[in-house]
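Report on the structure
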Protein chains: 2
Amino acid sequence: MRRIKILVVGCGAVGAYYGGRLSAGGAEVSAVARTGFETIKKQGFRIKSVSGDFLFKPAQVIKNAADYEGKPDFVLVCAKVLPEINIESLIKPVLSAKTSILLIQNGLGLEAKLKNAFPHNHIIGGVAFICVFRAAPGIVHHTDYGRLRIGSWPKDDDRSKALLIRDIFIKGGVNCEISDDIVRTRWEKLIWNIPFNPLSAITGADTAVILGRDSSLKLVRNIMLEVKSIAEKEGYKIAPGLIDKYLADTLQMRPYKTSMLMDMENGRPIERDALLGAVLETAKAHNIRAPYTEILNEILAMIQKAGENK
Amino acid sequence: MRRIKILVVGCGAVGAYYGGRLSAGGAEVSAVARTGFETIKKQGFRIKSVSGDFLFKPAQVIKNAADYEGKPDFVLVCAKVLPEINIESLIKPVLSAKTSILLIQNGLGLEAKLKNAFPHNHIIGGVAFICVFRAAPGIVHHTDYGRLRIGSWPKDDDRSKALLIRDIFIKGGVNCEISDDIVRTRWEKLIWNIPFNPLSAITGADTAVILGRDSSLKLVRNIMLEVKSIAEKEGYKIAPGLIDKYLADTLQMRPYKTSMLMDMENGRPIERDALLGAVLETAKAHNIRAPYTEILNEILAMIQKAGENK
């Protein structure tokens with residue numbers, strides 16, 4: 001069987017990590033990388049991982065998808081979800097009708113938007129549960145977790161492509177499973193992200209400080225319950241024990257600074273709309289109140305605005 | 001009539017401003033001041049005020065109330081309300097049974113606590129609506145407002161002392177009125193303070209940024225409504241138009257950094273318990289939820305904790 005060709009678009013920490021795993025799993029993986037282009041072209045990505053360090057040397061390192069030689073079987077989109085980034089125009093030049101698009105990104109409604117732009121391409125949503133960050137150009141630290149859930153969209157679409165790439169992920173060392181409903185899986189991740197990402201970005205606190213008082217643990221639970229109730233209004237059934245499990249797991253893991261906090265500290269844009277905006281929009285559509293998500297969203301916007309005014 | 005003797009305890013910006021006004025109104029006003037003691041003893045307080053600059057030369061400048069020569073008719077307490085400051089022990093050495101105690105402080109339950117400690121002294125609560133800050137030792141900037149509401153506690157107590165000091169305030173240029181229920185007046189002030197003080201301290205934003213988006217204006221209104229509903233549960237009737245008036249007034253005033261933001265920026269302790277803790281305690285006593293106040297309180301605590309860990 002010929003090697004599957006994959007192009008990673010958005011080679012931050014997540015893209016480099018999962019791209020590297022797919023490469024280790026036997027695929028021919030290339031990378032669109034702008035930040036640190038020269039370094040990455042010369043030496044690839046060094047991944048310092050809790051499960052063992054490894055090197056990811058992309059087959060092609062390019063600055064734009066249009067520069068890709070050939071046509072990939074999969075485009076793996078790991079770019080951040082920001083109002084100023086147009087994913088469709090980033091990947092359009094490299095697509096053929098046979099290209100499948102896998103999105104490992106945060107947020108809601110991403111698959112529907114892509115399907116709308118590219119109705120003939122197969123769309124797979126992906127949700128990563130991972131602690132990973134870029135330490136320097138070409139250097140990525142993977143400090144915990146790594147679980148990946150992927151699922152075709154719409155959910156009753158043919159699964160052969162999802163199964164194919166799942167097998168490459170597994171061969172490359174990723175705990176990857178098929179989700180029977182990737183949008184429900186996105187909501188499950190939001191239940192963790194909506195409290196922890198903004199609280200850490202706003203306060204500078206790691207997960208241990210955020211959960212450090214009885215009253216703050218209760219707050220995080222209350223925020224999670226708010227997001228859960230919105231997901232259920234939208235028709236997604238969340239497992240009853242999920243919140244308890246999240247809290248227990250987070251208390252157990254090494255104190256962790258979220259990616260939103262690190263983006264904030266480094267003056268990088270944050271995924272405010274993709275996370276909080278998406279949840280608030282859903283709450284509004286069902287005419288329910290979401291005070292915790294509302295105030296977290298507004299506080300993040302105020303911090304950004306107050307920073308600009310300085 | 002002999003001059004009324006007043007000792008101001010806690011000569012931050014508020015204490016210096018109102019002490020100075022009482023002095024201008026004809027009272028013999030002394031000051032307990034530790035920060036900037038030498039400067040203040042030598043040259044008093046220079047008050048740069050929107051309503052005209054003035055100098056406040058206290059009759060006595062002392063480091064401890066116990067050093068006061070004589071017995072004052074009034075002790076004016078303007079110290080911040082912090083867990084580590086024990087007001088009772090600060091003022092006890094200077095009290096006689098005839099001394100009235102006037103508290104211009106934020107929070108709830110302060111009058112009851114003092115009455116409990118000094119059952120024979122007349123207690124007057126005071127609530128200031130003022131923008132004032134200390135620019136340097138002995139230098140105070142008064143940038144807006146200045147309205148003062150005072151009321152004896154319990155509210156059916158004899159009002160002669162409150163009327164006496166009100167008249168001195170008015171003579172000194174303060175818009176001072178008697179409140180028929182100073183605890184209700186405290187709640188009215190909390191309805192402004194609970195959104196603006198924490199939001200500014202957390203985000204670094206001034207009042208203009210805080211109210212700068214339709215959605216953030218709505219958030220502030222929602223927070224105010226939460227505090228109002230707790231006050232009403234507690235039995236205090238809040239005027240129906242108060243919130244609209246607060247929002248209109250705040251939109252109109254010059255962009256303002258709250259005292260809590262300035263305390264935060266200068267690494268000084270903040271009145272978290274006096275403001276948010278007091279409201280949450282009341283909500284809990286009535287078994288009602290207060291998500292906005294809850295999350296603001298926890299975020300402030302996380303910022304303090306994350307700061308300590310650095």
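Above this text is the structure in question.
In what follows, the accompanying structure is described. Keep in mind it's a predicted model, so treat the numbers as computed, not measured.

Below, the discussion takes up the overall build of chain A. Scanning chain A for helices and strands turns up 12 helices and 10 strands. A compact globule built from 310 residues should have a C-alpha radius of gyration of about 19 Å, and chain A, at 19 Å, falls within 12% of that. With respect to the principal axes defined by its C-alpha atoms, chain A has extents near 55 × 40 × 40 Å. The buried share among the 310 residues of chain A stands at 57%.

Another aspect to go through is helix α1 (residues 13-24) of chain A. Residue and element names in this part refer to chain A. The end-to-end C-alpha distance of α1, which contains 12 residues, comes to 16 Å, matching closely the 16 Å that a straight helix rising 1.5 Å per residue would cover. Burial analysis of α1 places nine of its 12 residues in the buried class, which makes it a mostly covered element. Taken as a whole, α1 has its buried residues at A13, G15, A16, Y17, Y18, G19, G20, R21 and L22. Once α1 ends, the next one or two residues include G26, with phi positive near 110°.

Here we come to the packing of aromatic side chains. Under the definition given, this model contains 10 aromatic pairs over all chains. Residues A:Y17 and A:F54 carry aromatic rings whose centres are separated by 6.3 Å and whose planes lie at 65° to one another, so their mutual orientation is edge-to-face. Here A:Y17, found in helix α1, pairs with A:F54, found in strand β4 (residues 54-56); they are 37 residues apart in sequence, far enough to count as distant. Take A:Y17 and A:F54: they sit in the same class, and that class is buried. On the basis of an interplanar angle of 15° and a centroid distance of 5.5 Å, the ring pair of B:F45 and B:F56 is categorised as stacked. Remark: B:F56 occurs in strand β4 (residues 54-56) and B:F45 occurs in strand β3 (residues 45-49); sequence separation between them is 11 residues. Pairwise contacts between aromatic rings join A:Y17, A:Y18, A:F54 and A:F169 into one cluster. Across from the ring centre of A:F37, 4.9 Å away, lies the NZ or CZ of A:K63, which sits over that ring. Note that A:R147 overlies the ring of A:F129, its terminal NZ or CZ placed 4.3 Å from the centroid.

Here we come to the interface of chain A and chain B. Chain A puts 30 residues into the contact, and the matching count from chain B is 30 residues. Of the roughly 2,400 Å² buried between chain A and chain B on both sides combined, carbon and sulfur atoms contribute 67%. Of all residues in chain A, A:I295, A:E298 and A:M302 give up the largest surface area on contact with chain B, accounting jointly for 24% of the area buried on that side. Our count for the chain A to chain B interface comes out at two salt bridges. Salt-bridge contacts for B:R213 lead to A:E298; the nearest nitrogen and oxygen are separated by 3.1 Å. At the boundary of chain A with chain B, the tally comes to 12 residue pairs in polar contact (both at pLDDT 80 or more). Looking at the side of chain A that touches chain B, the elements with two or more residues in it are α6 (182-203), α7 (207-210), α8 (214-233) and α12 (291-309) of chain A. Of the residues contributing to the side of chain A that touches chain B, the split by class is 16 nonpolar, seven polar and seven charged.

Residue and element names in this part refer to chain B. Neither face of strand β6 (residues 74-77) is left uncovered, since the one carrying F74 and L76 and the one carrying V75 and V77 both have all their residues buried. As defined by bridge partners, strand β1 (residues 5-9) adjoins β6 across four bridges and the pair is classed as parallel. When the bridges of β6 are listed, V8 appears paired with L76. Bridge count for β6 against strand β7 (residues 100-104) is four bridges, and the pairing is parallel. Opposite V77, over in β7, you have L103 as the bridge partner.

This part is about the environment of A:R159. All names here are of chain A. With respect to the secondary-structure elements, R159 resides in the loop between β9 (139-153) and α5 (160-171). Spatially, the C-alpha atom of R159 lies 9.6 Å from that of H122, the residues being 37 residues apart in sequence. Leave out the neighbours within four places in its chain, and R159 touches S152, I178 and D180.

Once that is clear, we can look at the environment of A:I123. Residue and element names in this part refer to chain A. Its location among the elements puts I123 in strand β8 (residues 122-136). Residues I123 and N266, spaced 143 residues apart in sequence, show a C-alpha to C-alpha distance of 32 Å. Each residue touching I123, except ones within four places of it in the same chain, is listed here: I101, E111, L114, K115, G151, S152 and W153.

Right, let's talk about the pattern of salt bridges for a bit. Opposite charge on two side chains lets them pair, provided their charged atoms get close. One pass over the full model with this rule turns up 32 salt bridges over all chains. With its nearest N and O atoms 3.7 Å apart, the salt bridge here joins B:K237 to B:E232. B:K237 sits in the exposed class, given a relative accessible area of 63%. In the salt-bridge network here, residues are joined through shared partners; they are A:K80, A:D263 and A:R268.

Criteria and thresholds
- Residues numbered from 1 in each chain as written.
- Chains lettered and ligands numbered in written order.
- Predicted model: local features only at pLDDT ≥ 70, side-chain atom pairs only at ≥ 80, totals over all residues.
- Heavy atoms only, no water.
- Helix = DSSP H or I, 4+ residues; strand = E, 2+ residues; numbered from the N terminus.
- Rg over C-alpha atoms; globule rule 2.2 N^0.38 Å.
- Buried < 20%, exposed > 50% of the residue type's maximum accessible area, 1.4 Å probe, protein only.
- Expected span 1.5 Å × (residues − 1).
- Phe/Tyr/Trp six-rings, centres within 6.5 Å; stacked < 30°, edge-to-face > 60°.
- Lys NZ or Arg CZ within 6 Å of the ring centre and 35° of its normal.
- Contact = heavy atoms within 4.5 Å.
- Buried area = accessible area lost by both parts, 1.4 Å probe.
- Salt bridge = Lys/Arg side-chain N within 4 Å of Asp/Glu carboxyl O.
- Polar contact = N/O pair within 3.5 Å; in protein donor to acceptor, adjacent residues only side chain to side chain.
- Nonpolar A, V, L, I, M, F, W, Y, C, P; charged D, E, K, R; others polar.
- Pairing = 2+ DSSP bridges.

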